[in-house]
Number of protein chains: 2
Amino acid sequence: MQAIDFYKALSDDTRLRCLLLLQQQGELCVCEFIEALELSQPKISRHLALLKKQNLVVTRKQGQWVFYSINNELPLWCLSTIKLTLENQLDYIQNNVTLLEAMGDRPSRKQLCC
Amino acid sequence: MQAIDFYKALSDDTRLRCLLLLQQQGELCVCEFIEALELSQPKISRHLALLKKQNLVVTRKQGQWVFYSINNELPLWCLSTIKLTLENQLDYIQNNVTLLEAMGDRPSRKQLCC
DNA sequence: ATCATATATATGATTTTTCATATATACAAG
DNA sequence: CTTGTATATATGAAAAATCATATATATGAT
């Protein structure tokens, strides 16, 4: 992972919020991002696609939903940076978290293992 | 310092190299960046001005030269991120360091203190 | 006048956004 | 089991916005 690509991925408001939400929440699907960020579906999908292309996130498909989470095989310095950023920028996503928690009918997560 | 502004500042090749060089070298003037990055003077000046506007770097004027260094009053998480990036991306600026060290007539630094 | 640096403006390139549409799954009625 | 319809997500293409670069010019020190 080249630093310049990593920072370009983080340098957009939508992508940064998505990543920090994932760091905090673990796993989220597209419709949850739409509610939490109050943005259009194509806009969210596009930015998530970009994060995926850079291998910052991975996806898991469950029925009609696609769940995104941070790729835990990223270099340690990338994972550390994301973690450090969240710890110091909780205010930045506070409103998004509130919206997410207020969301009705959130899709249920199947257990990942047996 | 907002994370988004910090990452936008880092998300350009020229600015990232400048910052990492400063992290490693401590203090550099515009003419040294020109040699190390092999870029035009206005291009360097413009990017340094941007870093200064975001308070990532500070300047010290000495005669005809302007020396840039990382603003050590930045939030710790920013300083840590820059440090961590350099440690993991030494290759990225290796060629720039070589060019810098090969530079003739580098301006002398006055002692900063008594 | 010369050297080092900064800035204004115009142009080109890249990125982001939007709209329309496509695909894939789900679910209910016949 | 098919047909129709709704929901979730992705993507192509065009428009809009942002960002980077080059050239020319300005400032300030020696």
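Conventions used here
Residues numbered from 1 in each chain as written. Chains lettered and ligands numbered in written order. Predicted model: local features only at pLDDT ≥ 70, side-chain atom pairs only at ≥ 80, totals over all residues. Heavy atoms only, no water. Core = buried A, V, L, I, M, F, W, Y, C linked by side-chain atoms within 4.5 Å. Buried < 20%, exposed > 50% of the residue type's maximum accessible area, 1.4 Å probe, protein only. Contact = heavy atoms within 4.5 Å. Helix = DSSP H or I, 4+ residues; strand = E, 2+ residues; numbered from the N terminus. Expected span 1.5 Å × (residues − 1). Arc of directions from axis to C-beta. Near = heavy atom within 4 Å. Polar contact = N/O pair within 3.5 Å; in protein donor to acceptor, adjacent residues only side chain to side chain. Nonpolar A, V, L, I, M, F, W, Y, C, P; charged D, E, K, R; others polar. Pairing = 2+ DSSP bridges. Phe/Tyr/Trp six-rings, centres within 6.5 Å; stacked < 30°, edge-to-face > 60°. Lys NZ or Arg CZ within 6 Å of the ring centre and 35° of its normal.

**Considerations on the nonpolar core**
Ranked by size, the top nonpolar core spans 66 residues in total, and within it Phe33 and Leu56 of chain A together with Phe33 and Leu56 of chain B carry the most contacts. In contact with Phe33 of chain A, other than residues within four places in its own chain, are Cys18, Leu21, Leu22, Leu28, Glu38, Ile44, Leu48 and Tyr68 of chain A.

**Here we look at helix H6 (residues 90-101) of chain A**
Taking 1.5 Å as the rise per residue, H6 of chain A with 12 residues should run 16 Å; its terminal C-alpha atoms sit 15 Å apart, in good agreement. Those residues of H6 of chain A lying buried are Tyr92, Ile93, Asn96, Val97 and Leu100 of chain A. Within H6 of chain A, the buried residues cover an arc of 110 degrees as seen down the axis, which keeps them to one side. Projecting away from the buried face of H6 of chain A at angles above 90 degrees are the exposed residues Asp91 and Glu101 of chain A. Structurally, H6 of chain A contributes buried residues whose contacts are with helix H2 (13-25), strand S1 (28-29), helix H3 (30-37) and helix H5 (76-88) of chain A together with helix H1 (3-10) of chain B.

**Here's the deal with the protein's contact with DNA strand D**
Among the 18 residues in the neighbourhood of DNA strand D, the closest are listed as Cys31, Gln41, Arg46 and Tyr68 of chain A together with Lys43 of chain B. Counted by atom, the contact set of DNA strand D within 4 Å of the protein is 52% sugar and phosphate. Taking Cys31 of chain A, its main chain carries an N or O atom lying 2.7 Å from a phosphate oxygen of DNA strand D. Secondary-structure elements contributing two or more residues to the surface near DNA strand D are H3, helix H4 (41-53) and strand S3 (65-70) of chain A together with helix H4 (41-53) of chain B. Along the lines of polarity and charge, the residues of the surface near DNA strand D split into 8 nonpolar, 5 polar and 5 charged.

**As for the sheet that holds strand S2 (residues 57-62) of chain A**
Residues and elements named next belong to chain A. Read across the sheet, 3 strands follow the order S1-S3-S2 without closing on themselves; strand pairing throughout is antiparallel. With partners counted over all chains shown, the strands left at the sheet margins are S1 and S2, one partner each. Bridge count between S2 and S3: 6 bridges; the pairing is antiparallel. When the bridges of S3 are listed, Val58 appears paired with Ser69.

**Brief notes about the environment of Ser69 of chain B**
Residue and element names in this part refer to chain B. By the element assignment, Ser69 lies in strand S3 (residues 65-70). In this structure Ser69 comes out as buried when scored by relative accessible area, which is 17%. Through-space distance from the C-alpha of Ser69 to that of Arg15 is 13 Å; in sequence the pair is 54 residues apart.

**Considerations on the protein's contact with DNA strand C**
Taken together, 20 residues sit near DNA strand C, with Arg46 and His47 of chain A together with Cys31, Gln41 and Tyr68 of chain B positioned nearest. Considering the 4 Å shell around the protein, atoms of DNA strand C inside it are sugar or phosphate in 62% of instances. In the environment of DNA strand C, a phosphate oxygen lies 3.0 Å from a nitrogen or oxygen atom belonging to the side chain of Ser45 of chain B. Here Tyr68 of chain B contributes a side-chain N or O atom positioned 2.7 Å from a phosphate oxygen of DNA strand C.

**Some words on the packing of aromatic side chains**
Residue and element names in this part refer to chain A. Tallying each qualifying case throughout the model produces 7 aromatic pairs over all chains. With a centroid separation of 5.4 Å and 55 degrees between ring planes, the pair formed by Phe6 and Tyr7 is classed as tilted. Per residue, the accessibility class of Phe6 equals that of Tyr7, and both read buried. When the ring of Phe6 is compared with that of Trp77, the centres are 5.3 Å apart and the planes differ by 75 degrees; the resulting orientation is edge-to-face. You can see Phe6 sitting in helix H1 (residues 3-10) and its partner Trp77 sitting in helix H5, a full 71 residues away along the chain. Residue Trp77 is classed as buried on the basis of its relative accessible area of 6%. For the cation-ring pair, Arg17 lies above Tyr92, with the distance from its terminal atom to the ring centre recorded as 4.1 Å.

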